[in-house]
Every structure is written in structure tokens, then in C-alpha cells.
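Each chain is listed here by its residues.
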Amino acid sequence: QVQVVESGGGLVQAGGSLRLSCVASGSIFSIRTMGWYRQAPGKQRDLVAVVRSGGVTNYADSVKGRFTISRDTAKNTVYLQMDSLIPEDTAVYYCNVEHRSYIGVYIDYWGQGTQVTVSS
């Protein structure tokens, strides 16, 4: 009942910037947490940044000071502003949405991912 769609990935040179967007749609009752995860070839899917309802955020140490997560609650949208990109940021970036149903059940929904490639 909930769909999650990411956009904004692409190819950029080191030092450049990208802005990722993620929109949740469908039978939305409420969303507690929205976040971004990434997975590079041969590695686990790791947390990049998360924002909870109320605005509390968490960032991976590797992106602190370079990435900024923000949320538009009314539009069920989360953004990831990525500045000062380095080749180590190359990965598929996935959006995660923690949705609370009308009956109080929490379910995680994932987007299909968007590729970010940073060249040297």
C-alpha cells in the first residue's frame, strides 16, 4: 500500500554535489522515520542518515559535515544533500520509510535505489 521512489542520483566528479529525493505515496497514515542507506559492491547496506518525526537526525561518521538530511513531512518527502563528494561515496543509495498504519503496525518500506558514482 506504500510506495517509495528515489531520484537524483548520477555521475559527478570528486568535490561536486548531488541532491537525492525520496517520496512515499499510497495509503499513508503516518511516517515515524525516513532515512538513507547505501551499499557499495561487496559491502553491507549501511546507514547514511536518518531523520525521525520531530526532526532528530543521525549520520554515519563518514558523511558528517558533508551530507545533510531534511524532511518535508506534509509531502512525505525526504532529501539528502551531498556536498564535497569523494569516490568512497560511490554506491547505490536506498530510501527507507518506517510507516505506521492506522491500526498501529510499523512496517519498513524500501525504494529500488539510485546509483551515485563519484569519479576521481
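Residues numbered from 1 in each chain as written. Predicted model: local features only at pLDDT ≥ 70, side-chain atom pairs only at ≥ 80, totals over all residues. Heavy atoms only, no water.

Draft legend 1. Here's a closer look at the environment of Gly-65. Looking at where Gly-65 falls in the secondary structure, it is placed in the loop between β6 (57-59) and β7 (67-72). Measuring from C-alpha to C-alpha, the distance between Gly-65 and Met-82 comes to 9.7 Å, with 17 residues separating the pair along the chain. (Helix = DSSP H or I, 4+ residues; strand = E, 2+ residues; numbered from the N terminus.)

Draft legend 2. Structural view of the sheet that holds strand β3 (residues 18-26). Reading across the sheet, the four strands line up as β1-β3-β8-β7 and stay open at both edges, with antiparallel pairing between neighbours. With one partner strand each, in any of the chains shown, β1 (2-7) and β7 form the two edges of the open sheet. The average undirected angle you get between the axes of adjacent strands in this sheet is 15 degrees. Alignment of β7 against strand β8 (residues 77-82), held across six bridges, turns out to be antiparallel. Paired with Thr-68 across the bridge in β8 is Gln-81. (Pairing = 2+ DSSP bridges. Axes fitted to C-alpha atoms, helices over the stretch in contact; angles between N-to-C directions.)

Draft legend 3. Just unusual backbone geometry, in detail. Backbone geometry at Asn-76 places phi at a positive 50 degrees, although glycine is not the residue there. By the secondary structure assignment, Asn-76 is in the loop between β7 and β8. For Ser-84, which is not a glycine, the phi torsion comes out positive at approximately 50 degrees. Note that Ser-84 resides in the loop between β8 and β9 (91-100).

Draft legend 4. Representation of the pairing of strand β4 (residues 30-39) within the structure. Buried residues dominate β4, accounting for seven of its ten residues. Summarising the sheet, β4 and β9 pair through nine bridges and their orientation is antiparallel. When the bridges of β9 are listed, Gly-35 appears paired with Asn-96. Two strands pair when backbone bridges link them, and β4 and strand β5 (residues 46-52) are joined in this way by six bridges, in the antiparallel orientation. (Buried < 20%, exposed > 50% of the residue type's maximum accessible area, 1.4 Å probe, protein only.)

Draft legend 5. Seen up close, the nonpolar core. By size, the foremost hydrophobic cluster in this structure holds 28 residues, and its most contacted members are Trp-36, Val-48, Phe-67, Val-78, Leu-80, Met-82 and Tyr-93. Where this core is concerned, the elements lending two or more residues are β1, β3, β4, β5, β7, β8, β9 and β11 (114-119). Excluding residues that lie within four positions of it along the chain, Phe-67 makes contacts with Arg-38, Val-48, Tyr-59, Leu-80, Gln-81, Met-82, Asp-83, Leu-85, Asp-89 and Tyr-93. (Core = buried A, V, L, I, M, F, W, Y, C linked by side-chain atoms within 4.5 Å. Contact = heavy atoms within 4.5 Å.)

Draft legend 6. Highlighting the environment of Tyr-37. When you line up the elements, Tyr-37 lands in strand β4. For the pair Tyr-37 and Val-48, spaced eleven residues apart in the sequence, the C-alpha separation amounts to 5.0 Å.

Keep in mind that these numbers describe shape and distance, not what the molecule does.
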